[in-house]
Amino acid sequence: MRLSQMLFQTMRQASTDIMLPGYQYLQRGGFVRSVSGGAYVFLPLGVQVRRQLQRVLAHLMEEWGGQEIGLPALQPLEVIEGQAEVTFPDWAAPLQHAVSCGGEGYRTWTLPSSHEQLMLALARNIIQSYRQLPVLLYLFWQAPEPAMRTALGLLAGRESMVLDAYSFHSDEADRNTLCQSILTSWADLAERADMPVHRVIADLDDEASRLIWPWRDGDHSFLICDACRWACDQAIAPVRKPVPPAEAAQPLREVATPDCKTIAALCSWLRIPPSRTAKSLFLVAEEGGAVKRHVIAVVRGDTELSVIKLKRLLGMSGLRPATEEEIRTLGAEPGYGSPVGISAAEVVVDQLVVHSSNLVAGANRAGYHLLNVNYGRDYQATYTADIAMAQAGDLCPSCATPLQLEHGIELGIVGGLRPEIMQAHHVIYLDPSGIPQPVMLGRHRFYMDRFIAATGETHHDAMGLIWPTFLAPYDVYLMTLGRPSSPVSEVADTLYTELHNAGVRVLYDDRDERAGVKFYDADLIGLPLRVVIGERDVAEGMVEVKRRCSGEVVKVAIPDVVTWVKGAL
RNA sequence: CGGGGUGUGGCGCAGUCGGCGAGCGCGCUGCGUUUGGGACGCAGAGGUCGUCGGUUCAAGUCCGACCACCCCGACCA
């Protein structure tokens, strides 16, 4: 590619909306441009980076026998109904009512962030026999990301180019093996880019795992064990704390607690630790805007509720805090609530509360709490379960070492759907004995734009980006010095052709610019090699080659350049 | 959710005690001089001053609402 032909412009100063060095270089170098919070234009140079990554990912997919397919971005509302049930637990619901096409007033089109429901329908139609399994389908597309944080730039954009893959298997073990293999190959890819990554459990039931790039400001929280490397999403990690010493149940007693509407206030008033309190959360489960169930979730005061755990337990996707009126309707008192004496709601009690005696809980009377509240004696539960959020310092489920809380950016996720769901959607095949069996579905996603952005944050210096070779938009920055008409141009033109014919991807800076401009741009863009054709060297039959990563500069005889470059990449 | 800040050509900013033609740097166009680490001169193009409403003879400037983005905080029952 000749730079003079390319839509390309570098900037001395990038937009200051997000102060991340890698992101700034991506903008300054003419890779991407921000449209408005969370939406990005990929300029030709940025598209080349995407293309490199896409090539590698497609190659991996083909190695597993994958076949590329094309899927629609817009889907009718009826197709994606129930989507929440089949996406990963923390994925946002599809963007409802995104589009309604004129002339079809009765039909609402949506822009869902994945294609699970569609793939189930496809599998139902196409897969009938065990002979067709396994199948791996994949596609690249720009997926909407409702749960974005624009402050992270490309690391969490409103949409991201992704690789989505769906695999269909006859048995679960086969599927799980592929999931892990895919995740391993992605982890290897990150390693090739010198990026540390963790494999983090995303779902204990579905064998889902994420690829997380640890980064202090990341929006994904996970717990990791330094001893055995077990790692899990914070929202679903099983809580394991030291069991409190057993105590004899003391008599229930009401105590005045003025202005103690929060656990913190209550604890300082009574001079007790939060672990001696029970926190009651009043929630409402809704479906289609209609109130379905009132739920009181009880967790110990030193923990927080994991909404995801509770949603899964209840099988409800819509759960919101109750309003004060709704709380009073149940006979409880906001700020002083507890399930004691309340009968009109389902009660879900966290396991820790079950095993903790003589806790302080709300008296359902403004300004009063109850001392020595004990589960079983003073109130009952519809369910008891682990519904609390795990915290740093909790014990590793596999080796009991205290866990660390870390943050990161999710680069990929693999997982499956439970057989019951496949049954429910009638996605079945006939096994060799003619018996209907549920098809096992695996779904896998790799966030390409985040990966590119993370690489940018990881690989740069004071002058600009430093791409790993496999991701670099081009291999070589070939540039001339002096006037375009002078003899160096002939040498450069020849080298450009020779390198190109040798399969080297060359970005040829043939612009009529001063040397300094070209040098600065070369450093900013960060291609692995820079080849400089200057009058002085050419007179001696040489050109100068520089490695971007090390800064090493060598002179190479013109006839040897192609060989040298190929060896250096 | 709370607090603070910002919004003016493609990018970075100034202008904000209301008052002639809305400016500067970078970038862009043309001509000339330059040419091994972001050159210089001259001449140009380019702006609904976030949106809507209000006050006024007069609003980028004052008032109100809204929107968007950034930073910090906290986050709860």
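Residues numbered from 1 in each chain as written. Chains lettered and ligands numbered in written order. Predicted model: local features only at pLDDT ≥ 70, side-chain atom pairs only at ≥ 80, totals over all residues. Heavy atoms only, no water.

Enquirer: Go over the packing of aromatic side chains with me, naming the residues and quoting the values.
Expert: Scanning all chains against the criterion turns up eight aromatic pairs. Ring plane angle 70° and centroid distance 5.6 Å describe the contact between Y375 and Y379, whose orientation is recorded as edge-to-face. Using a relative accessible area of 7% as the deciding quantity, one classes Y379 as buried. Residues Y496 and Y508 carry aromatic rings whose centres are separated by 5.1 Å and whose planes lie at 40° to one another, so their mutual orientation is tilted. Note that Y496 is positioned in helix α13 (residues 487–501) and Y508 in strand β26 (residues 506–509), a separation of twelve residues in sequence. Look at Y508 and you get buried, because its relative accessible area is 2%. Among the aromatic residues, those joined into a cluster by ring pairs are W186, F446 and F451. (Phe/Tyr/Trp six-rings, centres within 6.5 Å; stacked < 30°, edge-to-face > 60°. Buried < 20%, exposed > 50% of the residue type's maximum accessible area, 1.4 Å probe, protein only. Helix = DSSP H or I, 4+ residues; strand = E, 2+ residues; numbered from the N terminus.)

Enquirer: Can you break down the sheet that holds strand β19 (residues 368–373) residue by residue, with the values?
Expert: Adjacent strands of a sheet pair through backbone hydrogen bonds, lying either parallel or antiparallel. A sheet is described by the order of its strands in space; here three strands give the open sequence β13-β19-β18, paired in antiparallel fashion. A single partner strand is all that each edge strand has here, and the edge strands are β13 (253–256) and β18 (359–365). Here the average twist between neighbouring strands, direction ignored, is 35°. Pairing analysis gives four bridges linking β13 to β19, with the strands arranged antiparallel. What sits directly across from E254, in β19, is L370. (Pairing = 2+ DSSP bridges. Axes fitted to C-alpha atoms, helices over the stretch in contact; angles between N-to-C directions.)

Enquirer: Tell me what's going on with the confidence of the model for chain A, and back it up with residues and numbers.
Expert: Do not read the predicted coordinates in detail wherever pLDDT is low. The share of residues in chain A with pLDDT of 70 or more is 94%, and the mean pLDDT across the chain is 89. At the low end of the mean pLDDT range in chain A sits strand β5 (residues 95–99), at 53; at the high end sits strand β3 (residues 67–68), at 98. (pLDDT = per-residue confidence, 0-100.)

Enquirer: Describe in detail the nonpolar core, supporting the description with residues and values.
Expert: Core analysis: the biggest nonpolar cluster contains 66 residues, and L57, W186, F446 and F451 have the highest contact counts within it. No fewer than three residues from each of domain 1 (3–238 + 404–456) and domain 3 (476–568) sit in this core. Excluding its chain neighbours within four sequence positions, the residues that come into contact with F446 are L53, L57, M161, V162, L163, W186, L189, L211, L411, G412 and F451. (Core = buried A, V, L, I, M, F, W, Y, C linked by side-chain atoms within 4.5 Å. Domains from an automatic or database assignment. Contact = heavy atoms within 4.5 Å.)

Enquirer: Please provide a residue-by-residue account of the domain arrangement of chain A, values included.
Expert: Segmenting chain A into domains produces domain 1 (3–238 + 404–456), domain 2 (253–385) and domain 3 (476–568). Taking the mean C-alpha position of each, domain 1 and domain 2 sit 36 Å from one another. At the interface, eleven residues of domain 1 touch five residues of domain 2. Where domain 1 touches domain 2, the interface holds one salt bridge. Of the charged contacts, one joins R312 and D203 as a salt bridge, the two residues approaching to 2.7 Å between their closest N and O atoms. Counting across the domain 1 and domain 2 interface gives three residue pairs in polar contact (both at pLDDT 80 or more). Considered class by class, the residues forming the side of domain 1 that touches domain 2 number six nonpolar, no polar and five charged. (Salt bridge = Lys/Arg side-chain N within 4 Å of Asp/Glu carboxyl O. Polar contact = N/O pair within 3.5 Å; in protein donor to acceptor, adjacent residues only side chain to side chain. Nonpolar A, V, L, I, M, F, W, Y, C, P; charged D, E, K, R; others polar.)

Enquirer: Residues and numbers for the pattern of salt bridges, please.
Expert: This model, assessed by the stated rule, comprises 31 salt bridges. D394 is the partner of K241 in a salt bridge, and the nearest nitrogen-oxygen pair spans 2.7 Å. Here D394 lies in the loop between β20 (383–385) and β21 (404–416) and K241 lies in the loop between β12 (231–233) and β13, a separation of 153 residues in the sequence. Taken as a pair, K241 and D394 share a single burial class, namely buried. Linking D523 and K546 is a salt bridge whose minimum nitrogen-to-oxygen distance equals 3.7 Å. Here D523 is found in helix α14 (residues 515–525), whereas its partner K546 is found in strand β28 (residues 542–547), with 23 residues between them in sequence. K546 matches D523 in its accessibility class, with the two residues each being buried. Several salt bridges share partner residues, and in doing so they unite R530, D537, E544 and K555 into one network.

Enquirer: Give me the lowdown on the protein's contact with RNA strand B, citing residues and values where you can.
Expert: Lining the immediate surroundings of RNA strand B are 39 residues, of which Q9, R12, T262, D523 and E544 lie closest. Here the atoms of RNA strand B within 4 Å of the protein split so that 52% fall in sugar or phosphate, with bases taking the remainder. Here K261 contributes a backbone N or O atom positioned 3.3 Å from a sugar or linking oxygen of RNA strand B. D523 places a side-chain nitrogen or oxygen 2.6 Å from a base nitrogen of RNA strand B. Within the residue set of the surface near RNA strand B, elements represented by two or more residues are β14 (278–287), α14 and α15 (535–539). Element by element, the count of residues in the surface near RNA strand B is highest for α14, at seven residues. A breakdown of the residues in the surface near RNA strand B according to their chemical character gives ten nonpolar, twelve polar and 17 charged. (Near = heavy atom within 4 Å.)

Enquirer: Kindly report on unusual backbone geometry, identifying the contributing residues and their values.
Expert: Here the amide bond leading from L133 into P134 is cis, since omega sits at -10°, within 30 degrees of zero. Phi angles above zero are rare outside glycine, and D194 is one such case at about 55°. Along the chain, the position of D194 falls in the loop between α6 (172–192) and β9 (198–203). Positive phi values are uncommon outside glycine, yet R229 reaches one of about 70°. Note on R229: relative accessible area 45%, which makes it partly exposed.

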